[in-house]
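Chains, contacts and geometry: an overview
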Amino acid sequence: MQASLNPAVPDATPVLDSRVLRTALGQFATGITVVTTRADSGQFVGLTVNSFSALSLEPPLILWSLRLSSPSLAAFEAAPRFVVNVLAEAQVEISRRFALPLADKFEGVAHAENISGVPLIHGAAAWFECRTVSCQHIGDHALFIAEVERFTLSEAAPLLFHAGAYFALGSRL
């Protein structure tokens, strides 16, 4: 490996260790969402996701990804619709709960069904009610692309995640 010509830029690390790569990717601060749907059985399914991103305004598209080894993958692949619940600062415990392999993640979590029968988590900073347009298996994840059919914005500040820890939104710069 050749040394960097700019002393302000550290030498690059080859991608040999996925744990080190994960640590480096964790330097990108993200919001935290819980993506929810209704399985064919009628059971609500949800999980904590920080891979959510806007894709397009015209048409209104978003994307997120899910590990291929996730027990929730089949439910999301079969579901025509889902909701991205953008968690608020006060919802750290909801984020933690939906990251666990619990039989009923919705137990004790205030929620309601939207017009498609998909759960909306109360108190979120925003909700995006989506229709799946595409699901592609790429690498070790499934990439979901969806059209936003409806959305709601609240006044709540979003919950943030950086380097393995939760953060509240600080002051504007």
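The preceding data block contains the structure.
Below is a short write-up of the structure. If you're wondering where the values come from, they're calculated on a predicted model, not measured in any experiment.

About the cut-offs
- Once a new chain begins, its residue numbering starts again from 1 and follows that chain's sequence as written.
- Residues qualify for local features only when their pLDDT is at least 70, as the model is predicted, and side-chain atom pairs are given and counted only at 80 or more; totals for whole chains, interfaces and linings, by contrast, use all residues.
- Each side-chain value is derived from all of the structure's non-hydrogen atoms; neither hydrogens nor water enter the calculation.
- In this text, helices come from DSSP runs of H or I with a minimum length of four residues, and strands from runs of E with a minimum of two, each type numbered from the N-terminal end.
- To sort residues, take the accessible area from a 1.4 Å probe on protein chains only and compare it with the maximum for the residue type: under 20% means buried, over 50% means exposed, and anything in between is partly exposed.
- Any two residues whose heavy atoms approach within 4.5 Å at even a single point are treated as in contact.
- Areas reported here follow the Shrake-Rupley algorithm with a probe of radius 1.4 Å; residue values treat only the protein chains shown as occluding.
- His is not counted, nor are the chain ends; Lys and Arg add positive charge and Asp and Glu add negative charge.
- The atom standing in for a charge is NZ when the residue is Lys, CZ when it is Arg, CG when it is Asp and CD when it is Glu.
- Any carboxyl oxygen of Asp or Glu within 4 Å of a side-chain nitrogen of Lys or Arg constitutes a salt bridge here.
- In this scheme, strands are said to pair when DSSP sees at least two bridges between them.
- Here, axes are lines fitted to C-alpha atoms. For helices the fit covers the stretch in contact, and angles between N-to-C directions go from 0 to 180 degrees.
- By the criterion applied in these results, polar contacts are pairs of N or O atoms within 3.5 Å in which, for protein atoms, one can donate a hydrogen and the other can accept it, and in which residues neighboring in sequence qualify only through two side-chain atoms.

1. Regarding the overall build of the protein chain
- When helices and strands are counted, the protein chain shows three helices and twelve strands.
- Overall size of the protein chain, expressed as C-alpha extent along the three principal axes, is 60 × 40 × 35 Å.
- With 173 residues in all, the protein chain has 34% of them scored as buried.
- Once local pairs closer than 6 in sequence are excluded, the contacts in the protein chain between residues at least 24 apart make up 61%.
- Surface exposure of the protein chain reaches about 10,600 Å², of which carbon and sulfur atoms provide 59%.
- Averaging the locations of the 11 positively and 15 negatively charged side chains of the protein chain gives two centres separated by 3 Å.

2. Let's talk about the pattern of salt bridges
- According to the stated counting rule, one finds six salt bridges in the structure shown.
- One salt bridge connects Glu 93 with Arg 96, and the closest N-O pair in it is separated by 2.8 Å. Of this pair, Glu 93 and Arg 96 are both found in helix H3 (residues 92–98), three residues apart, which corresponds to roughly one turn of the helix.
- We classify Arg 96 as partly exposed; its relative accessible area is 41%.
- With a shortest N-O distance of 3.9 Å, Arg 131 and Glu 149 are connected by a salt bridge. Of this pair, Arg 131 sits in strand E9 (residues 126–138) while Glu 149 sits in strand E10 (residues 141–153), placing them 18 residues apart in sequence.

3. Notes on the sheet that holds strand E4 (residues 53–56)
- With antiparallel pairing, seven strands are arranged side by side in an open sheet as E3-E2-E6-E9-E10-E5-E4. Edge positions in the open sheet fall to strand E3 (44–49) and E4, since each of these has one partner strand only. Neighbouring strand axes in the sheet, compared pairwise and without regard to direction, differ in orientation by 35° on average.
- Here E9 runs beside E10; their pairing, made up of twelve bridges, is antiparallel. Its bridge partner lying in E10, Glu 129 is registered against Arg 150.

4. Looking at helix H1 (residues 18–25)
- Little of H1 is tucked away, with zero of its eight residues classed as buried.
- Where H1 begins, one side-chain oxygen reaches toward the backbone nitrogen of Arg 19, 2.9 Å away; that side chain belongs to Asp 17.

5. What about unusual backbone geometry?
- For the bond running from Glu 58 to Pro 59, omega is 0°, close enough to zero to count as cis.
- Checked against the element boundaries, Pro 59 lands in the loop between E4 and strand E5 (61–67).
- For Ala 163, which is not glycine, the phi torsion reads 50° and is therefore positive.
- Among the secondary structure elements, Ala 163 is positioned in the loop between strand E11 (159–162) and strand E12 (165–168).

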